[in-house]
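Secondary and tertiary structure notes
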Amino acid sequence: HTLEQKGRELLHDDRRAKTNEEADKTNSNQPHCGNIATMATEESTTAAMSNLSIEDKQAEIALLEEKLRNLKEDVAQSGDKENKAGLQGRRAKASTGPRMDDSTTNLIGGESFLKREVNPAWIKVRADIYDDVKKRRDEELSKKIPVDIEVTLPDGKVLSEDKEGNKYQAWHTTPFDVACTISRGLADNTAVARVTYTAYVPDYDPEEDGMGGVDTLAESMADGGIDAAKDDDKSKMTVLWDMTRPLVGSVSKMEFLKFEDDQDARTVFWHSSAHIMGEALERLYGSRLTIGPPLAGGFYYDSYMGDANSDGAFREDDYKPVEAEVQKIVKQKQKFERLVVTKEEALDMFAGNPFKEQIISTKIPDGTRTTVYRCGDLVDLCRGPHVPNTGRIKAFAATRHSATNWLGDTENDSLQRIYGISFPDKKMLKTWLENQDKAKERDHRRIAQQQDLVMFHELSAGSAFWLPHGARIYNKLINFIKEHYWKRGYDEIITPNVYNLDLWHQSGHAMHYKDAMFCFDVEGKEWAMKPMNCPGHCLMFAGKIRSYRDLPIRFADFGVLHRNELSGALSGLTRVRRFQQDDAHIYCREDQIEDEVLGALEFMKSVYTTFGMTYKLELSTRPKKALGDKELWDRAEAALARAMDTFAGKGGWRENPGDGAFYGPKIDIKVMDAMERVHQCATVQLDFQLPIRFELEYNTGSKEKGKEFARPVMVHRAMLGSVERMFAVLCEHYGGKWPFWLSPRQVMVVPIHKDWSDYCQEVRGKLHDAGFYADVDLSKATFQKKVRNAQIAQYNFQLVIGEAEVKNGTVNIRTRDNKVEGEKKVDELIEYFQQLRNEHK
């Protein structure tokens, strides 16, 4: 065990030194607990060590110790500036982060771009090399043996020939051909096929076909909100396949994915659109393209356009020419062609583009193959897949531009980034543009400023200053969850904000997460502000002997958390350094998993129904590199599935195979707001590993030797996630029109004449005593102006008071939508308001 632990630590240090992690790739204000986001590296280190014999472990450790000594010597010689930054024990600086290569200079763009140039000569040179390589690949393909294959559709129907009776054959038949057998309309409207192979034909080799290496866009796609491909054996037989790419075996399931119905189809569509935009940039300006990934909603392309002395920087005036050039490319219906290339051929093809050369040199192993795609004049390093031709993109818009840096490192070359959006229908683009305008109006930063809710200051960047009206909403959200805690059997606890770093070594976070923690010295020992609550809760569980009768134990904690986000990553309330979560951990017996998960799902449903938001559920199951007993995983997944069936009904959720965390399966809850945007706020996740790390156990009551104690299962769960982030989501969901129960401005009392001011103050006092936020407008503005001002300020109700209302002891009620609801006694009004508050309306 000691050898394995030491080996894991050394192996992690070795791998970490070779990894480019200048920026934290996870949204640290998501609802996950810390170990859920930070310990992914340990899956590989543990797996690597656990499969070795003792002798092999010792040899591996000796090798790693030697590597670590060499790395330390390199650091020691790297200069005072680097040493000081690297020894801070904080987040890696751009100046100290590992590089893709060992170059002494970080600027590689050089003279590859000097000025804007239309159709530069190197485009044709690259195309000629492409044609030469294609001849070699065509010759290889001519030697492949066509074999009859079958294709099974999602409904179970098996196809083996086209409408003319021609047999489907490997190396010839494409998904487009299969779709045409069903209908030409299906073929023309499908972006990409999702293919699950039964088996490959004998003469197909994924490595030879360029499928064995890494996806060079994977990191950028993950940053853009697109999930990485799965890594288990089952998923490797299920792949997205170009509609025009010949099949290489019989298919047990072929799905035809359309833009409107499937995120994978949208991802492929936007990836192809990025290539089209890249082609336009090369044609118009001679841009040196770097990477151009799809995002969760659109795409971008980064280009090297020279240094500050060149005229390359993008400006808004470039949008129209780019859009016009894209339209020309679309009208040409250029085919997307896939070509397998060797590393040497790729280097030859992209000679003169130092960024592509660096990707090829560092990401593609010697002696292996990768792929490129061509459309028209563009040839780009790419794993694909793509839509059949450029004509599929019916609507395109350049949306914005910005400056960035190669690999996100400020000491590297400055790049120009241009974003775009595209659709298969012009009406979709029109709707998208309208929604963008709505999103700007609903931006939480804009609303928070207008309504005087939150402010920020550079002296505490990333930490919100909650102004009185913002604090009202913040506290209402917390109290709303606390009401649920009381009803659902949770025990609220309070835990420290700072801990000795030994706690984080025990939990595993120090090894993988220290750069994202605020660390400091206390009497010669290193301490840190907590970035998550789970390790502290484990200490509390372990603080006394627990019995099986005590379980489940539900600890709930609104403790303040801090994470050392990069300043450039901070964004309003969605990415902050100081925040609170409605964080809870349930410690239960294995036989209690189903009930606890079901209870958490019912909790979630109640919360989001109150907010007026819908949701979707996904069960993410055991990944290939999971830790722990497989039988325990199987039982836990079955319990989660039963709970989800009970909660949502069979078919009311989907499985996400192999996408669970390495320490346990999880339920991903995706909620949709009023603009149908997807947010992942709530979560329910099982954890088998932290109870092991903290040696948690409970008395089983058994007298049988060896079974007196057992480990609890730990359930991480959150409903809101980060309160800051949920505030931002709700602010945009409601568009600043807060429902009465949550509103920071509930009532404005408006006198028609100053003579009725005393009565207005009396009404305001009664409302205040009843617990409502009420104000009186005693300004010199006209009555109509006072009402209008209150409506603009989003007061839910305006109580108009004149002579009749004073005599009758009533108020005249108007809503912020200017609906007149008539006269009511003040006591009756308070009862009505209490009903709205109690029903969360």
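Everything here concerns the structure above.
Residues numbered from 1 in each chain as written. Predicted model: local features only at pLDDT ≥ 70, side-chain atom pairs only at ≥ 80, totals over all residues. Heavy atoms only, no water.

Moving on, we get to the overall build of the protein. The helix and strand inventory of the protein stands at 28 helices and 34 strands. Buried positions account for 51% of the 841 residues belonging to the protein. In the protein, the share of contacts with a sequence separation of at least 24, taken over all contacts with a separation of at least 6, comes to 74%. When the accessible area of the protein is evaluated, it comes to approximately 38,900 Å², of which 49% is carbon and sulfur surface. (Helix = DSSP H or I, 4+ residues; strand = E, 2+ residues; numbered from the N terminus. Buried < 20%, exposed > 50% of the residue type's maximum accessible area, 1.4 Å probe, protein only. Contact = heavy atoms within 4.5 Å. Areas by Shrake-Rupley, 256 points an atom, 1.4 Å probe, with all protein chains shown as cover.)

It is worth spelling out the side chain of lysine 786 at this point. Looking at the secondary structure, you find lysine 786 in helix α26 (residues 783-792). Other than its neighbours up to four places away in sequence, lysine 786 contacts Val750, Pro751, Asp777, Leu778, Ser779 and Ala781.

Time to look at the sheet that holds strand β18 (residues 519-522). One open sheet accounts for three strands, arranged β17-β19-β18; its pairing is antiparallel. Two strands bound the open sheet, and with one partner strand each, they are β17 (498-500) and β18. With direction set aside, neighbouring strand axes in the sheet form an average angle of 35°. In the sheet, β18 pairs with strand β19 (residues 525-529) via four bridges, with the strands oriented antiparallel. Along β19, the bridge assignment pairs phenylalanine 520 with tryptophan 527. (Pairing = 2+ DSSP bridges. Axes fitted to C-alpha atoms, helices over the stretch in contact; angles between N-to-C directions.)

Evaluation of the coordinates by the stated rule reveals 37 aromatic pairs. Summarising the aromatic geometry, the rings of phenylalanine 259 and phenylalanine 269 are spaced 4.9 Å apart at their centres and angled 65° between planes, so their arrangement reads as edge-to-face. Taken together, the residues phenylalanine 259 in the loop between β5 (249-257) and α11 (263-285) and phenylalanine 269 in helix α11 connect sequence positions 10 residues apart. Ring geometry for phenylalanine 299 and phenylalanine 396: centres 6.1 Å apart, planes at 25°, overall stacked. In this pair, phenylalanine 299 sits in strand β8 (residues 298-304) while phenylalanine 396 sits in strand β12 (residues 395-405), placing the two residues 97 residues apart along the sequence. Comparing phenylalanine 299 with phenylalanine 396 shows no difference in burial state: the two are buried. Linked through ring pairs, Trp171, Tyr197, Tyr200, Tyr204 and Trp241 together constitute an aromatic cluster. The ring of tyrosine 285 carries arginine 116 above its face, with NZ or CZ at 4.4 Å from the centroid. (Phe/Tyr/Trp six-rings, centres within 6.5 Å; stacked < 30°, edge-to-face > 60°. Lys NZ or Arg CZ within 6 Å of the ring centre and 35° of its normal.)

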